[in-house]
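In case you want the letters, here they are:
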Amino acid sequence: MKTVLMVAEKPSLAQSIAKILSRGSLSSHKGLNGACSIHEYAGTFAGQPVRFKMTSVCGHVMTLDFLGKYNKWDKVDPAELFSQAPTEKKEANPKLNMVKFLQVEGRGCDYIVLWLDCDKEGENICFEVLDAVLPVMNKAHGGEKTVFRARFSSITDTDICNAMACLGEPDHNEALSVDARQELDLRIGCAFTRFQTKYFQGKYGDLDSSLISFGPCQTPTLGFCVERHDKIQSFKPETYWVLQAKVNTDKDRSLLLDWDRVRVFDREIAQMFLNMTKLKKEAQVEATSKKEKAKQRPLALNTVEMLRVASSSLGMGPQHAMQTAERLYTQGYISYPRTETTHYPENFDLKGALRQQANHPYWADMVKRLLAEGINRPRKGHDAGDHPPITPMRSATEAELGGDAWRLYEYITRHFIATVSHDCKYLQSTISFRIGPELFTCSGKTVLSPGFTEIMPWQSVPLEESLPTCQRGDTFTVSEVKMLEKQTSPPDYLTEAELITLMEKHGIGTDASIPVHINNICQRHYVTVETGRRLKPTNLGIVLVHGYYKIDAELVLPTIRSAVEKQLNLIAQGKADYRQVLGHTLDVFKRKFHYFVDSIAGMDELMEVSFSPLAATGKPLSHCGKCHRFMKYIQAKPSRLHCSHCDETYTLPQNGTIKLYKELRCPLDDFELVLWSSGSRGKSYPLCPYCYNHPPFRDMKKG
C-alpha cells in the first residue's frame, strides 16, 4: 500500500485537517522532536487505497544567515555583507530538529500533499519542506506527479474537502520573492546596523539601546512617527474668532446657530461683524431643506482594516491582534486572517456563514431577520487574488473564547453581518437664518432606517434635537450673539491605526509584516506607546531619522522601499528575474552605504547634542591594568567598562550586576577583577575585563 505524507504549518492545524479528512478515525502519536504529532488514517488517493500520514512544521523550517566568520562583528567590514559574504540556509529552530523529523516521517512515502498556509510565506515553506523530504521519498515511476499543493481559506469541512479534491502544485515564483526579501533584509539590515551600532556605542554612554538597528522597512516606519513629531514641534498656534448665535423657538427651547463664514483670523473684523448683528432682535428664515442621505455599510474586512480597528477601538497592538486572529483561525472560528481582499467572490456562501450565527445570544434576532428578508449583496471591494475577506466560520460565545480573543471575534462577526445588511438611511434638515447682514445655519438628522448601524451601534448617526417646522420668511427672537476666541491646535502623535494606514498607502511591508515592523520600532526603544496607542518617538529615534535625512533622505523616505516591494511582487508573478532584482537593489544600497559611512559625521553632530560621550557617563569602578587609573562602569545597555585615559572600552556579561571583586588583580595583565552576579540568589562569577575581551589562550572563545 502506498503512503501519502501531508504537511501543515502548525501542529494544531494538522490535527484539525486530519480530523476532517479522516472523518474521525485517527491514530495519533508524538514525533521525535516532541513538538509535532503524526496523525495516520486509511483512505483513497488518485483512485487507489493508501495510508495517509498528516504532520506539520512550526512555521519556517529554515532561515537565512551569513556563513561562519561573517557573523563575527569584529572580523568583517560591514561593506562586505552586500556582495562578498556568502549566505546559507540554517535550521530556523535547531532545538526542533525539524529537517531530521521531516526526513524520518517522509522516508518511503510515495506522494506529498502540502497544506501550508496559502500566502507567499507559506509557498516558501512548501519548498523548505520539499528540500528536506524529496531526497528520502520513493522515486516516481514514468513521470508520475508526486508533489501536490492544497489551497484553502478556512478550517471548515467544506473548504478542506474541496481543497483535497482540487489539488494543485506549489508556486515557485512566490517562494522566490520571499527568498529575495529575506536576503535583501539580511544584507542591508546587518550592514547598516553593525556599522552604526559599533560607531555610536564606542562614543556615547547613555544610548538606551544595545542595538542601533536599521531595516529597509523598519526605518521608513519610524520616519512616519518622527515626521509627525516634527510637525508638532514646529506648530505655531494661531488665534481666530467665531460668531455664535442663539434663537428661541418656543418658551423654553433655543437653537444654537453656526456662522456661515466659519471663522476669521482678524479680531477687529470679527468685532465689526458682531456689532452689525448684535443690534438685531430677530432672525429671519432664509431657506429650509430636507434631504434623504445614506451612510454606507462597511466593505468586507481585510487584514489591514482589522489591525486598524483592533488598535483604535479594542486597544490591541498589531502584533498581539495578529497572533489572536491566527489562533481564532487555527481553531476554526474565522477564515484565514492574512488577506488584502475586500471583495467576496460570486460563489462564496454568504448565507451559510450567516446561518452559523442564527442562534447567537447577541445577534440572533438581526440575523434571522436578514435571512428571512434576504441578504444585501456586499459592496464591490478590491480583489487582490489571495483569500476571501476575514469571515466568521462558526458561532462562538464569550464564555468559550474569553478575553481579547472574544473581543476580536465579536468585532469580526459584527463587521461581517454589517456587510450583508442595508445602508443606514437618515433625513438631514437644514435651516438657514439671516441676522442683519450675516447668515447662520443649523442642521439636524433623524434616522429613517438604522440598517447596519443596528449591529455596529458605534457607527450610528448621533441623535440630534429635531428642528422646528418653519418656512421662508418666518422670524424667531434672537436671545444672544457672542464672539468666541479660539486657537488652532497642533496635530497629535500618530496612532498605530494611522501608522498602519500610512504604511499601506506607501507600500511599506505587507499585511503580514506590518505588525512586525511596528513591533520592532517599539522593542528597539525608538518609539514609546502612549495612551490611546499613540506612538511618541524617543530621543534616539528622532536623532536617527534626522541623521538619515541629513545624509541621505532616501534611507528613511518610503519611496525606495515601495519600489523594492513592487519588484518583489513582480518576481512573485513571474514577471521579473530574481537574480536581477537582487543584484540591482543590493548595488543601490551598497552605494548608499559607502556614502553613509563617509558622511556619518553629519549624524554624529546630532548625536552629540542629545547624548553624553562615554568619558562623561558611568561611575568609577575598577583600575585599568595599563594606566592604573580608574575605569568607569557604564550601566546603560550594553553595560561596559571604559577607560578614558587609554580610550578603550571593554564589554561585560549582560543582564546582571557588576561589583569589584576583593580588589584582586589578574596575574596576566594587572587589571582589577570584577564580580558578575544575576540577582541576589542567582549565579555569580569573577572575571578579568581584559581577558574577557581578549582571550589569553589559543582555544578560548571571546567572552
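What counts, and where the lines are drawn
Residues numbered from 1 in each chain as written. Predicted model: local features only at pLDDT ≥ 70, side-chain atom pairs only at ≥ 80, totals over all residues. Heavy atoms only, no water. Pairing = 2+ DSSP bridges. Helix = DSSP H or I, 4+ residues; strand = E, 2+ residues; numbered from the N terminus. Axes fitted to C-alpha atoms, helices over the stretch in contact; angles between N-to-C directions. Buried < 20%, exposed > 50% of the residue type's maximum accessible area, 1.4 Å probe, protein only. Contact = heavy atoms within 4.5 Å. Core = buried A, V, L, I, M, F, W, Y, C linked by side-chain atoms within 4.5 Å. Expected span 1.5 Å × (residues − 1). Salt bridge = Lys/Arg side-chain N within 4 Å of Asp/Glu carboxyl O. Phe/Tyr/Trp six-rings, centres within 6.5 Å; stacked < 30°, edge-to-face > 60°. Lys NZ or Arg CZ within 6 Å of the ring centre and 35° of its normal. 1 Å grid on protein atoms, 1.4 Å probe; cavity = no way out; pocket = protein on both sides within 12 Å on 5 of 7 lines; lining within 4 Å. Points joined across faces, edges and corners; volume = space filled by probe spheres on them. Nonpolar A, V, L, I, M, F, W, Y, C, P; charged D, E, K, R; others polar. Disulfide = S-S within 2.5 Å.

Trainee: Got a minute to help me understand the pairing of strand S9 (residues 239-248) in this structure?
Mentor: Consecutive side chains of a regular strand alternate in pointing toward one face of the sheet and then the other. Two strands pair when backbone bridges link them, and S9 and strand S14 (residues 475-487) are joined in this way by ten bridges, in the antiparallel orientation. Within S14, the position partnered with Thr-239 by the bridge is Gln-487. Sheet analysis places S9 next to strand S10 (residues 254-259), joined by five bridges and oriented antiparallel. Each bridged residue has a counterpart across the sheet, and for Gln-244 the counterpart in S10 is Asp-258. Hairpin connection of S9 to S10: five residues between the antiparallel strands.

Trainee: How do you make sense of the sheet that holds strand S20 (residues 648-651) when you look at a structure like this?
Mentor: Reading across from one edge, S17-S18-S19-S20 is the order of the four strands in this open sheet, with antiparallel pairing throughout. Each edge of the open sheet carries a strand with a single partner, namely strand S17 (619-623) and S20. On average, each strand axis in the sheet is inclined to that of its neighbour by 35°, with strand direction left out of account.

Trainee: Is there a simple way to think about helix H8 (residues 303-312) in this case?
Mentor: In an α-helix, one full turn covers 3.6 residues, which means residues spaced three or four apart are oriented alike. When you tally the buried positions in H8, you get eight out of ten residues, the bulk of the element. Along its buried surface, H8 packs onto helix H9 (318-330), helix H13 (403-419), helix H14 (496-506) and helix H15 (514-523).

Trainee: In this structure, what is going on with the nonpolar core? I would like to understand it.
Mentor: Across soluble globular proteins, you tend to see nonpolar side chains buried next to one another. Formed by 133 residues in total, the largest nonpolar core has its most connected members in Met-6 and Trp-115. If sequence neighbours within four positions are ignored, Met-6 has contacts with Leu-21, Tyr-41, Phe-52, Lys-53, Met-54, Thr-55, Val-113, Trp-115 and Met-164.

Trainee: Would you explain the side chain of Glu-565 in this entry?
Mentor: Here Glu-565 lies in helix H17 (residues 558-572). Residue class for Glu-565 comes out buried when judged on its relative accessible area of 7%. Discounting residues that sit within four places of it in the chain, Glu-565 has contacts with Arg-181, Cys-217, Gly-507, Ile-508, Gly-509 and Thr-510.

Trainee: Can you help me understand the sheet that holds strand S21 (residues 657-665) in this one?
Mentor: Remark on secondary structure: sheet strands pair via backbone hydrogen bonds, oriented parallel or antiparallel. Taken in spatial order, the three strands of this open sheet run S21-S22-S23, and their pairing is antiparallel. In this open sheet, the two strands that pair with only one neighbour each are S21 and strand S23 (684-687). With direction set aside, neighbouring strand axes in the sheet form an average angle of 25°. Sheet analysis places S21 next to strand S22 (residues 672-677), joined by five bridges and oriented antiparallel. Among the inter-strand pairings, Thr-657 is bridged to a residue of S22, identified as Ser-677.

Trainee: What exactly am I supposed to notice about helix H6 (residues 218-233) here?
Mentor: The end-to-end C-alpha distance of H6, which contains 16 residues, comes to 23 Å, matching closely the 22 Å that a straight helix rising 1.5 Å per residue would cover. When we look at burial in H6, the residues that qualify are Gln-218, Thr-219, Pro-220, Thr-221, Leu-222, Gly-223, Phe-224, Cys-225, Val-226, His-229 and Ile-232. Residues of H6 that are buried make contact with H14, H15, strand S15 (527-530), strand S16 (534-537), helix H16 (539-552) and H17.

Trainee: Explanation requested: the pattern of salt bridges in the structure shown.
Mentor: Any two side chains of opposite charge can pair, on the condition that their charged atoms come close. In total, this model carries 31 salt bridges according to the counting rule given. Of the charged contacts in the structure, one is a salt bridge between Asp-492 and Arg-534, with a shortest N-O distance of 3.4 Å. Here Asp-492, found in the loop between S14 and H14, pairs with Arg-534, found in strand S16; they are 42 residues apart in sequence, far enough to count as distant. By relative accessible area, which is 25% here, Arg-534 ends up partly exposed. Taken together, the shared-partner salt bridges connect Arg-181, Asp-185, Arg-561 and Glu-565 into one network.

Trainee: Before we go on, may I ask you to explain the packing of aromatic side chains in this structure?
Mentor: Two measures describe an aromatic ring pair: the distance that separates the ring centres and the angle between the ring planes. Counted according to the given criterion, the structure contains 34 aromatic pairs. With a centroid separation of 6.5 Å and 90° between ring planes, the pair formed by Phe-82 and Phe-192 is classed as edge-to-face. A residue pair is termed long-range when its members are at least 10 positions apart, and Phe-82 in the loop between strand S5 (62-66) and strand S6 (87-91) and Phe-192 in helix H5 (residues 172-201) qualify at 110 residues. Side by side, Phe-82 and Phe-192 carry an identical accessibility label, which is buried. Ring centres 6.4 Å apart and planes at 5° place the aromatic pair Trp-363 and Trp-406 in the stacked group. Note that Trp-363 is positioned in the loop between helix H10 (350-355) and helix H11 (364-373) and Trp-406 in helix H13, a separation of 43 residues in sequence. Accessibility assignment for this pair places Trp-363 and Trp-406 in one class, buried. Among the aromatic residues, ring-to-ring pairing joins Phe-82, Phe-192, Phe-195, Tyr-199, Phe-200, Tyr-204, Phe-214, Tyr-548, Phe-593 and Phe-596 into one connected group. In this structure, Arg-263 packs its charged tip against the face of Tyr-240, placed 4.7 Å from the ring centre. The ring of Tyr-333 carries Arg-394 above its face, with NZ or CZ at 4.2 Å from the centroid.

Trainee: Got a minute to help me understand the environment of Leu-568 in this structure?
Mentor: Looking at the secondary structure, you find Leu-568 in helix H17. In sequence terms Leu-568 and Gly-202 are 366 residues apart; their C-alpha atoms lie 37 Å from each other.

Trainee: Explain empty space enclosed by the protein here, please?
Mentor: Counting across every chain of the model gives one cavity of 30 Å³ or more. Lining the largest cavity are Phe-214, Pro-216, Pro-220, Glu-554, Leu-555, Leu-557, Ile-560, Arg-561 and Phe-589. The residue makeup of the lining of the largest cavity, split by class, is seven nonpolar, no polar and two charged.

Trainee: Before we go on, may I ask you to explain the state of the cysteines in this structure?
Mentor: Two cysteines whose sulfur atoms are joined by a covalent bond form what is called a disulfide. Taken as a whole, this structure holds zero disulfides when the rule is applied. No disulfide involves Cys-36; its sulfur sits 3.9 Å from that of Cys-58, the nearest cysteine. Sulfur of Cys-161: no disulfide; nearest cysteine sulfur belongs to Cys-166 and is 11 Å away. Residue classification places Cys-161 among the partly exposed residues on the basis of a relative accessible area of 31%.

Trainee: What am I meant to see in the environment of Phe-416 here?
Mentor: When you line up the elements, Phe-416 lands in helix H13. For Phe-416, a relative accessible area of 1% translates into the label buried. Considering only alpha carbons, one finds Phe-416 and Pro-378, 38 residues apart in sequence, at a separation of 9.3 Å. Not counting chain neighbours up to four residues away, the residues in contact with Phe-416 comprise Tyr-344, Leu-350, Ala-353, Leu-354, Thr-391 and Pro-392.

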